Amino acid sequence: MALSYSIYDVFTDTKLAGNPLAVIFDGDGLDDEAMQAIARETNLSETVFVQPAANPAYTARIRIFTPGRELPFAGHPTVGTAIALAEKAHGSARLDLVSVLEENVGPVRCAVRLREGEASFAEFDLPRKSQQISLPLDKLGIADALSLKTTEIGFENHVPSIWSAGVPFLMVPVHDVGAAERLEFDPQLWEKTVPFVDGALASAYIYCRGGVNHVAKFHARMFASGMGISEDPATGSAAAALSGAINHFDRLTDGHYPILIEQGVEMGRPSFIHLHMDIEGGAISNARIGGQAVRIATGTLDL
């Protein structure tokens, strides 16, 4: 069996930066075990398998696998796959288009911008708005798992909390970029300390205001040992979850908020995630995640 694939670096306009993604275009006919085995083989944070959509009006159905398990939704696979399918169909044509990807979380509407000589851009409407999951949290245990002082956990109104827009994350605000850079994640202590959500260990998303890049409004790191990911250079689903925490703790007034989040800096793979939120009546009425992606490889898997 020969399966065509491409690898994209996502949430970046620069090759060998951002978050790499494998897109398997011939995913129809593969069973769950085969897809999981291929995801372990690629050993990237996510591998996407493209299948025909159940709804003929949609572009494709996609299945998203980490090396450890399948995800119902993820941001960098959504952005990267929307761009990969658009470039596969239209090449380098100057084009703006809308596609809908069927994911396990539900249909995800994507807008794609293709420009010759530029990295393509895609953004998607959040399939679910971020919701807080109220569970008891151990601040001292969280600090120990990150090798930080308890005084470095939290800033302004922000305290550790769990949020999900399809995938749950334990959001850990830290005092500044220095604390984010200095932390050392201990997966064993994390597993002993944090709760399970929907049968899975909540992943760690550490964030603070500002960034190494002066245009970034937030700096972030993400660790997901339960998914087989030691550290992720860009996590769109976590940025989607973060939208709820930002609105909740910052008590945003009504209006539109463009927010640039940097991630992956400590890994040498800087990534930039665009989060847009519309606030009405103190609640998120709409939110979008977007970013660029560049193809770095195309080939065939011989199975």
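Cut-offs applied
- Residues numbered from 1 in each chain as written.
- Predicted model: local features only at pLDDT ≥ 70, side-chain atom pairs only at ≥ 80, totals over all residues.
- Heavy atoms only, no water.
- Helix = DSSP H or I, 4+ residues; strand = E, 2+ residues; numbered from the N terminus.
- Rg over C-alpha atoms; globule rule 2.2 N^0.38 Å.
- Buried < 20%, exposed > 50% of the residue type's maximum accessible area, 1.4 Å probe, protein only.
- Contact = heavy atoms within 4.5 Å.
- Core = buried A, V, L, I, M, F, W, Y, C linked by side-chain atoms within 4.5 Å.
- Pairing = 2+ DSSP bridges.
- Phe/Tyr/Trp six-rings, centres within 6.5 Å; stacked < 30°, edge-to-face > 60°.
- Lys NZ or Arg CZ within 6 Å of the ring centre and 35° of its normal.

*Asks:* Describe the overall build of the chain, and please don't skip the residues or the numbers.
*Replies:* In terms of helices and strands, the chain carries six helices and 19 strands. Against the 2.2 N^0.38 benchmark of 19 Å for 303 residues, the chain shows a C-alpha radius of gyration of 18 Å, consistent with a compact globule. With the C-alpha coordinates aligned to their principal axes, the bounding extent of the chain is approximately 55 × 40 × 35 Å. Residue burial in the chain is summarised as follows: out of 303 residues, 55% are buried. Taking the intrachain contacts of the chain between residues at least 6 apart in sequence as the baseline, contacts between residues at least 24 apart amount to 63%.

*Asks:* I'd like to hear about the nonpolar core, residue by residue, with values.
*Replies:* Within the largest apolar cluster, 64 residues are counted, with the highest numbers of intra-cluster contacts made by Tyr205, Tyr207, Ile261, Met277 and Ile289. Broken down by element, this core gets its largest block of residues, eight residues, from helix α6 (residues 236–250). Sequence-distant contacts of isoleucine 261, that is, excluding residues within four places in its chain, are made with Tyr205, Phe218, Ala220, Ala239, Leu242, Ser271, Phe272, Ile273 and Leu275. In this structure, Val174, Ala179, Leu201 and Phe223 belong to the second largest nonpolar core, which totals 24 residues.

*Asks:* Can you break down the pairing of strand β11 (residues 168–173) residue by residue, with the values?
*Replies:* Within β11, six of the six residues are buried, which leaves it mostly tucked inside the rest of the structure. Of the two faces of β11, the one holding Pro168, Leu170 and Val172 and the one holding Phe169, Met171 and Pro173 are both buried throughout. Pairing analysis gives four bridges linking strand β10 (residues 161–164) to β11, with the strands arranged antiparallel. Bridge pairing in β11 places serine 161 opposite methionine 171. Connecting the antiparallel pair β10 and β11 is a turn made up of three residues, with glycine 166 showing a positive phi of about 135°. In the sheet, β11 pairs with strand β14 (residues 203–209) via five bridges, with the strands oriented parallel. Residue pairing in the sheet places valine 172 in a bridge with isoleucine 206 of β14.

*Asks:* Can you break down unusual backbone geometry residue by residue, with the values?
*Replies:* Even without being a glycine, asparagine 43 presents a positive backbone phi close to 60°. By the secondary structure assignment, asparagine 43 is in the loop between α1 (32–42) and β3 (46–51). Even without being glycine, arginine 251 reaches a positive phi, approximately 50°. Relative to the elements of secondary structure, arginine 251 occurs in the loop between α6 and β17 (255–263). Classification of arginine 251 as exposed rests on a relative accessible area of 64%.

*Asks:* So what's going on with the packing of aromatic side chains? Residues and values would help.
*Replies:* Taken as a whole, this structure holds eight aromatic pairs when the rule is applied. Relative to phenylalanine 65, the ring of phenylalanine 49 lies with its centre 5.8 Å away and its plane at 85°, an arrangement referred to as edge-to-face. With a gap of 16 residues between them, phenylalanine 49 in strand β3 and phenylalanine 65 in strand β4 (residues 60–65) connect regions that are remote in the sequence. For lysine 88, the ring lying beneath its charged end belongs to phenylalanine 25, and the centroid distance is 5.2 Å.

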